[in-house]
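A look at the structure
Spelled out from the first residue to the last, the chains are:
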Amino acid sequence: MNNTTRRWVGAGLAAAAMAALTFAAPVAQAARGRGKTIQLFNGRDMTNFYTWLVGTKYEDPDRVFRVDTIDGEPAIRVTGKHYGAFITKQEFENYHLVAEYSWGHATWGGRKKATKDSGILVHCQGPDGNTSRDFNGAWMLSQECQIIEGGVGDFILVGGYDKDGNQITPKLTVTASKDRDGENIYDPKAPPREFQGGRINWFGRDPDWQDVIGFRGKNDVESPGNGWTRVEVICDGDSITNIVNGVVVNHGTKSSLTKGKIIFQSEGAELYFRKIELTPLKK
């Protein structure tokens, strides 16, 4: 990783214009009381997390996860070499999560030439590594805020199993329409639809998206290149709101999952998290 200084890259005028399309997306926590912010990443170590990897489980012999320095600041480095995650030790509900990430350079295995991929999974439940083959058996039953080039803020409803082996597929209601290719896309003007499993793309995802490294859509609000991107996930009761660089990109309600651990994925691409903080929302 080149540790030369990099600038925060804002979303720009195009993103600001597109943000107007999301005027109907409610962010109810703005009018509610808030608790004391918790620094999940304390800037020194990974005390508030544990790690889990496919193959080695709670062991990390290749140091997929470690605290490093990038741009002169401490950050959690995720090499992406093996599928897995670092996971909060505690469960949470009703909160405003803020994370700032930046892509590294390394990519691995079957995703060496594919879009750089990761994600933040909320309301994670059940045993570690309880997801189905569709999710590589690497994570947990959860609702995902996708982090992938061109698709930051997509919802993925991650199915898994409970401790007794019963398969569970989460549900989420989203105002969604179809794009040119028939994919589900968040649209605040559309009627609400209940989804069980699957993906709901963020409102500006490029219909010409390709799974190739370095892809960038014409409307992307993620910071380009190695710029730092701010992702916020607001979990308020059974609603989930995804915000990228200040733009509300996706919003769902009536989530069948409303509490659990929080996962930060390792999924074939190197990235850094320099800030991870959580502010409880008061009832």
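Scope of this entry: the structure provided in the associated data block. Every chain's residues receive numbers from 1 upward, in the order its sequence appears when written. Local features are withheld for residues below a pLDDT of 70 in this predicted model, meaning they are given only at 70 or higher, and side-chain atom pairs are given and counted only at 80 or more; totals for whole chains, interfaces and linings count all residues. To obtain the side-chain values, all non-hydrogen atoms of the structure were used and water was disregarded.

1. Regarding the overall build of the chain
The line we're drawing: Secondary structure is summarised from DSSP: a helix means a run of H or I of at least four residues, a strand means a run of E of at least two, and numbering begins at the N terminus for each. Buried residues are those whose accessible area, probed at 1.4 Å on protein chains only, stays under 20% of the maximum for their type, while exposed residues exceed 50% and partly exposed ones sit between those limits. Residue contacts follow a heavy-atom distance rule, with two residues in contact if any of their heavy atoms lie within 4.5 Å. Areas reported as accessible are Shrake-Rupley estimates using a 1.4 Å probe. Residue values count occlusion only from the protein chains shown.
The helix and strand inventory of the chain stands at 1 helix and 20 strands. When burial is assessed residue by residue, the chain has 54% of its 283 residues classed as buried. For the chain, contacts bridging at least 24 residues in sequence account for 69% of all contacts bridging at least 6. Total accessible area computed for the chain in this model is approximately 12200 Å², and 49% of it derives from carbon and sulfur atoms.

2. Structural notes on the pattern of salt bridges
The cut-off we apply is this: Within this document, salt bridges are pairs made up of a side-chain nitrogen of Lys or Arg and a carboxyl oxygen of Asp or Glu, the two lying within 4 Å of each other.
Within this structure, the stated rule accounts for 15 salt bridges. Taken together, the shared-partner salt bridges in this structure form one network comprising Glu73, Glu100, Arg230, Glu232, Arg274 and Lys275.

3. What to know about the sheet that holds strand S14 (residues 192-196)
So the rule is basically this: One bridge is not enough; two strands pair if DSSP finds at least two bridges between them. Orientation is described by axes fitted as lines to C-alpha atoms, over the contacting stretch for helices, and by angles from 0 to 180 degrees between their N-to-C directions.
Strand order in the open sheet made by the 3 strands is S13-S12-S14, with antiparallel pairing throughout. Each of the sheet's edge strands pairs with one partner strand only, and the pair in question is strand S13 (184-186) and S14. Each strand of the sheet is rotated relative to its neighbour by a mean of 70°, with strand direction disregarded. Inspection of the sheet shows strand S12 (residues 171-178) paired to S14 by 5 bridges, in the antiparallel sense. Across the sheet, the residue bridging to Lys171 is Gln196, located in S14.

4. As for the environment of Gln196
Here is the rule: In protein, a polar contact means a hydrogen-donor-capable atom and an acceptor-capable atom, both N or O and within 3.5 Å, with residues adjacent in sequence counting only if both atoms are side-chain atoms; elsewhere, any N or O pair within 3.5 Å suffices.
Relative to the helices and strands, Gln196 is located in strand S14. Overall, the relative accessible area of 51% leaves Gln196 in the exposed class. When residues no more than four places from it in sequence are discounted, the contact partners of Gln196 are Leu157, Thr169, Pro170 and Lys171. A polar contact of 3.5 Å, which involves the side chain of Gln196, links it to the backbone oxygen of Thr169.

5. A look at the packing of aromatic side chains
Quick reminder of the rule: Any Phe, Tyr or Trp ring, taking Trp's six-membered ring, that has another such ring centre within 6.5 Å forms a pair; planes under 30 degrees apart are called stacked, those over 60 apart edge-to-face, and the others tilted.
Going through the model one piece at a time under the given rule, you end up with 13 aromatic pairs. A centroid spacing of 5.0 Å and a plane angle of 90° characterise the contact between Phe49 and Phe86, whose relative ring orientation is edge-to-face. Remark: Phe86 occurs in strand S5 (residues 84-88) and Phe49 occurs in strand S2 (residues 49-53); sequence separation between them is 37 residues. Every member of this aromatic cluster is reached through a ring pair, and the members are Phe49, Phe65, Phe86, Tyr101, Trp103, Phe264 and Phe273.

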